[in-house]
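Chain by chain, the residues:
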Amino acid sequence: MSALQLPKTIHAVGINKTGDFDVIEDLELPFPQNTPGNVLVKIHYGGVNFIDTYFRKGLYPIASFPQPLGTEAAGEIVGLPTDEKILNDEEYKLRGFAVGVKVAVYGLGTFAEYVSVPWTKAYTLPQGISTRTAAAGLTQGATALTFVTEAYNVQKGDVILVHTVAGGLGLLFAQLIKARGATVIGTTSTPEKAAIAKEYGADHVILYKDEDTVQRVLELTNGEGVHAIFDGVGKDTFELDFKVIRRKGTVVSVGNASGAVPPFPPLKLVEKNVRLLRPTLANYVFTPEEGRRYGAELFRLIGSGELKIRVHGEYPFTAEGVQRAQKDLTGGKSIGKLIIKIAPGTDA
């Protein structure tokens, strides 16, 4: 694609201020300038994540407005870096970038027709993986993969608790944990969600609205508690976690769906010698080598069918569409991943 074919302005969906769902609006922005170290990507699909709501509400800082939302997407390369040092970098060469190559990208501002991202945040897609699947699987898949490897290295025989196990991230946690030979205990809200979670690897699913989660977990673990907890809920489940974690167990705070965990004294960890982490994906794929290694492993698992990506719904690339997607995500209406179709006619 030549520069003459590229538009002067692009459509995006984002915000001009932080606030509730109604601050999300359609934006017309200048075509992104591709800096020497970036790849320029025509976006096909964007993935919807809880982190989008954190930026929208102001929980995470935004440098300037207007700001397109979205932190993951997939599409095709239309422009390459020009920095000779980067072009000669061995890690860069291993990515196999070229105009027309399909990639998944990670970074704030992906709900836009075109984005310019650092080359280290673009991941080449293997043959057989569509941009639709990649946009649905990149952030949550890489989060689950890095967290079960580095935040708590799940081992055969472990018993692991996954909160909101029927969500997009929860289903991926369940599959990866089960594949390592561990037992998966999950929590969810409805029998329908529980049935789907079991299809994806959960051994036991607790309906937290109808059952006593603490009592059930302790029953299932003979009173010992679980080896580790992956908790994407935050404030509402934090105290519960300390009642069901075993001695020397690990609590991994994955997200803030119910709000941020309030401050607490470190002495809280003393009773059971508990380890507590609040990691981010970005710091597990910080170096080019880490990003390439985890990206390659993630797409290998997806391509082989070992890791299945369930798409709950596809939403239009409009302010109303993104608002509805965020409402469905935060309202607990989704089972699996929510995506935005950004480029019409692209299903590959």
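Up top is the structure.
Every value quoted in this text rests on a predicted model; they were computed, and no experiment measured them.

**Student:** Is there a simple way to explain helix α5 (residues 168-179) in this structure?
**Tutor:** One full turn of an α-helix is made of 3.6 residues, so residues set three or four places apart face in the same direction. For α5, spanning 12 residues, the distance from its first C-alpha to its last is 17 Å, which sits close to the expected 16 Å at 1.5 Å a residue. Extensive coverage of α5 is indicated by the burial of 10 of its 12 residues. For α5, the set of buried residues is G168, L169, G170, L171, L172, F173, A174, Q175, L176 and I177.

**Student:** Could you clarify how one ought to interpret the sheet that holds strand β11 (residues 204-207) in this entry?
**Tutor:** Paired through their backbone hydrogen bonds, the strands of a sheet run either parallel or antiparallel. The sheet built from 6 strands is open, its strands ordered β11-β10-β9-β12-β13-β14 with parallel pairing. The sheet terminates laterally at β11 and β14 (275-277), the two strands that pair on one side only. In this sheet, neighbouring strand axes are inclined to one another by 15 degrees on average, regardless of whether the strands run parallel or antiparallel. When strand β10 (residues 183-188) meets β11, the two strands line up parallel, connected through 4 bridges. Bridging from a neighbouring strand, T188 pairs with L207 of β11. Here helix α4 (residues 131-151) sits on the sheet in contact with β12 (226-231), β13 (245-253) and β14, set at roughly 145 degrees to β13.

**Student:** Teacher, can you tell me more about empty space enclosed by the protein here?
**Tutor:** By rolling a water-sized probe across the atoms, one finds the places where empty space is left. In this structure the tally under the stated criterion is 2 cavities of 30 Å³ or more. In this structure, the largest cavity occupies an estimated 80 Å³ of space. Around the largest cavity sit Y106, Y123, L138, T139, A142, L281, V285, G291, Y294, G295 and L298, which together line it. Among the elements that take part in the lining of the largest cavity, helix α9 (residues 288-304) stands out by supplying 4 residues, more than any other. Along the lines of polarity and charge, the residues of the lining of the largest cavity split into 8 nonpolar, 3 polar and no charged. Approximately 50 Å³ is the volume attributed to the second largest cavity. Considered class by class, the residues forming the lining of the second largest cavity number 5 nonpolar, 4 polar and 3 charged.

What counts as what
- Residues numbered from 1 in each chain as written.
- Predicted model: local features only at pLDDT ≥ 70, side-chain atom pairs only at ≥ 80, totals over all residues.
- Heavy atoms only, no water.
- Helix = DSSP H or I, 4+ residues; strand = E, 2+ residues; numbered from the N terminus.
- Expected span 1.5 Å × (residues − 1).
- Buried < 20%, exposed > 50% of the residue type's maximum accessible area, 1.4 Å probe, protein only.
- Pairing = 2+ DSSP bridges.
- Axes fitted to C-alpha atoms, helices over the stretch in contact; angles between N-to-C directions.
- Contact = heavy atoms within 4.5 Å.
- 1 Å grid on protein atoms, 1.4 Å probe; cavity = no way out; pocket = protein on both sides within 12 Å on 5 of 7 lines; lining within 4 Å.
- Points joined across faces, edges and corners; volume = space filled by probe spheres on them.
- Nonpolar A, V, L, I, M, F, W, Y, C, P; charged D, E, K, R; others polar.

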